[in-house]
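# Observations on the model geometry
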Amino acid sequence: MQKLALVFFIAFELCYYLLIAQTGIVEHLASNIFVIAPLPIGGVIGSILSFYIKTSNKNKIFSFLLLQLAVSFFYPNLNALLLFILGISVGALAPLLINELKKASNIQLGFALAISYALGTFLFTYEASQRGSIAIAFTIIALVSSLFINQKEHKDLTSNNYSYSLFVMVLWIFLDSTLFETLSRDLTTSIWRDGFTLEIIVFHLIGVVSAFYIKMEKTQKELLILTLFALSYLFYFLHEGFILSLVYPFVISFYNVVILQTIVKKDLKTLGIYMVFIGWAASGAGLFVALENLTYFVPTIFLLCLIKIVITQQTQKKELPWLN
């Protein structure tokens, strides 16, 4: 029961973020940055409050989920104050959720991500203004599940994994957010609305499994993720919806597991700070690029990153001559 509770808590809170905070509100409010602004502002404050409030993490999770539930009853008619409050709750829950992953095994995390990706993809085409019942139901499931999470920590989620820099993780989130926000607004190439739901779900799941079982060096994994993002952008520019529906979901799942394996090692205070950059700054920058139709300039970033990776590899070879 306790293992299942942790899986459900992670899965349904991630689904809430995707379907309500990330896409539902933005779509319902016609992507008006000035109207949406209270949400990310509250999110930054919430991420900081997550470690400054002096009470148990279980009490924090319960309190912020209650706050999220209260606001969800008003969805989608959220004014600036309600958006701000929702931002605080979602922003605080993000680092608290990741901190709870210290109690999860690889299998539990895998199942949680599988549920969130499959359910989120299946419900993505549901009209944004009609997701009020989804917001309430998902929050209640997460709330009830959080009451049964045990206190035992597993070690296999954090063992034998490389740590990636904050810069690299912010880059991945930015590339993902830019393409995601661009795709969700593109009527000519929208993989979620073009009948590729099954393909997207299957390759999300393959991406999750691959991230756990593919053994690669740190630089090789960075290069793989960057290459897959480059291919995703290429297939978007070529309007190859079917191929895009295979490659893009795979890289989303793959890099998200890599990020979680890295940041789950951090303490709650560091997680809160990381969420400011990963959860809000990077995704906000991606939204801005998509709304300003600057997506075609993103390939320049790939070129700069490729040069950086090549230079890093050359430096390592000079420092470790036996690699030549």
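My aim in this report is to walk through the structure given alongside it, one point at a time. Just so it is clear, the structure is predicted and the values come from calculations on it, not from any experiment.

The rules we used
- Residues numbered from 1 in each chain as written.
- Predicted model: local features only at pLDDT ≥ 70, side-chain atom pairs only at ≥ 80, totals over all residues.
- Heavy atoms only, no water.
- Salt bridge = Lys/Arg side-chain N within 4 Å of Asp/Glu carboxyl O.
- Helix = DSSP H or I, 4+ residues; strand = E, 2+ residues; numbered from the N terminus.
- Buried < 20%, exposed > 50% of the residue type's maximum accessible area, 1.4 Å probe, protein only.
- Patch = residues over 30% accessible without salt bridge, like charges linked within 9 Å, V, L, I, M, F, W, Y side chains within 5 Å.
- Areas by Shrake-Rupley, 256 points an atom, 1.4 Å probe, with all protein chains shown as cover.
- Core = buried A, V, L, I, M, F, W, Y, C linked by side-chain atoms within 4.5 Å.
- Contact = heavy atoms within 4.5 Å.
- Phe/Tyr/Trp six-rings, centres within 6.5 Å; stacked < 30°, edge-to-face > 60°.
- Lys NZ or Arg CZ within 6 Å of the ring centre and 35° of its normal.
- Axes fitted to C-alpha atoms, helices over the stretch in contact; angles between N-to-C directions.
- Parallel < 35°, antiparallel > 145°, perpendicular 65-115°, else oblique.
- Left-handed = near helix turned anticlockwise from the far one by under 90°.
- Nonpolar A, V, L, I, M, F, W, Y, C, P; charged D, E, K, R; others polar.

All told, the structure shown has 3 salt bridges when counted by the stated rule. Measuring nitrogen to oxygen at the nearest pair gives 3.7 Å for the salt bridge that ties Glu27 to Arg193. Of this pair, Glu27 sits in helix H2 (residues 24-28) while Arg193 sits in the loop between helix H9 (166-185) and helix H10 (197-213); the two residues are 166 residues apart in sequence, bridging distant segments of the chain. The exposure class of Glu27 is partly exposed, given its relative accessible area of 36%. Exposure remark for Arg193: the relative accessible area of 39% places this residue in the partly exposed category. Note that Glu181 and Arg185 form a salt bridge whose closest N and O atoms lie 2.7 Å from each other.

This part takes up a nonpolar patch on the surface. Judged by side-chain polarity, Phe62, Leu66, Ile140, Val144, Leu147 and Phe148 come together as a nonpolar surface patch covering roughly 470 Å² of accessible area. For the nonpolar patch, the elements supplying multiple residues, two or more each, are helix H5 (57-72) and helix H8 (132-146). Here Leu147 lies in the loop between H8 and H9.

Here we come to the nonpolar core. Generally speaking, soluble globular proteins have nonpolar side chains that are buried together. Counting 101 residues, the largest nonpolar core has Ile25, Trp172, Leu175, Phe229, Tyr248 and Ile263 as the members making the most contacts within it. Broken down by element, this core gets its largest block of residues, 13 residues, from helix H12 (residues 241-263). Those residues in contact with Tyr248, other than ones at most four positions away along the chain, are Asp176, Leu179, Phe180, Leu183, Ile191, Trp192, Phe229 and Ser232.

Moving on to the packing of aromatic side chains. A full pass over the atoms with the stated rule returns 15 aromatic pairs. Where Phe237 meets Tyr296, the ring centres are 4.5 Å apart and the plane angle is 20 degrees; that geometry is what we call stacked. Taken together, the positions of Phe237 in helix H11 (residues 218-237) and Tyr296 in the loop between helix H13 (268-291) and helix H14 (299-319) put the pair 59 residues apart, joining distant regions of the chain. Taken together, the ring pairs in this structure connect Tyr164, Trp172, Phe229 and Tyr255 into an aromatic cluster. In this arrangement the basic side chain of Arg131 is found over the ring face of Phe124, its NZ or CZ atom lying 5.9 Å from the centre. In this structure, Lys218 packs its charged tip against the face of Tyr164, placed 5.7 Å from the ring centre.

Put simply, helix H4 (residues 38-52) and helix H6 (residues 80-100) touch, their axes get as near as 6 Å, and they point 40 degrees apart. The angle between H4 and H6 places the two elements in the oblique class. Along this stretch, H4 crosses H6, giving a crossing that reads as right-handed. Facing Pro38, Leu39, Ile41, Gly42, Gly43, Ile45, Gly46, Ser47, Leu49 and Ser50 of H4, the residues of H6 in contact are Ala80, Leu83, Phe84, Leu86, Gly87, Ile88, Gly91, Ala92, Pro95 and Leu96. Tallied by class, the residues present in the contact of H4 with H6 amount to 13 nonpolar, 7 polar and no charged.

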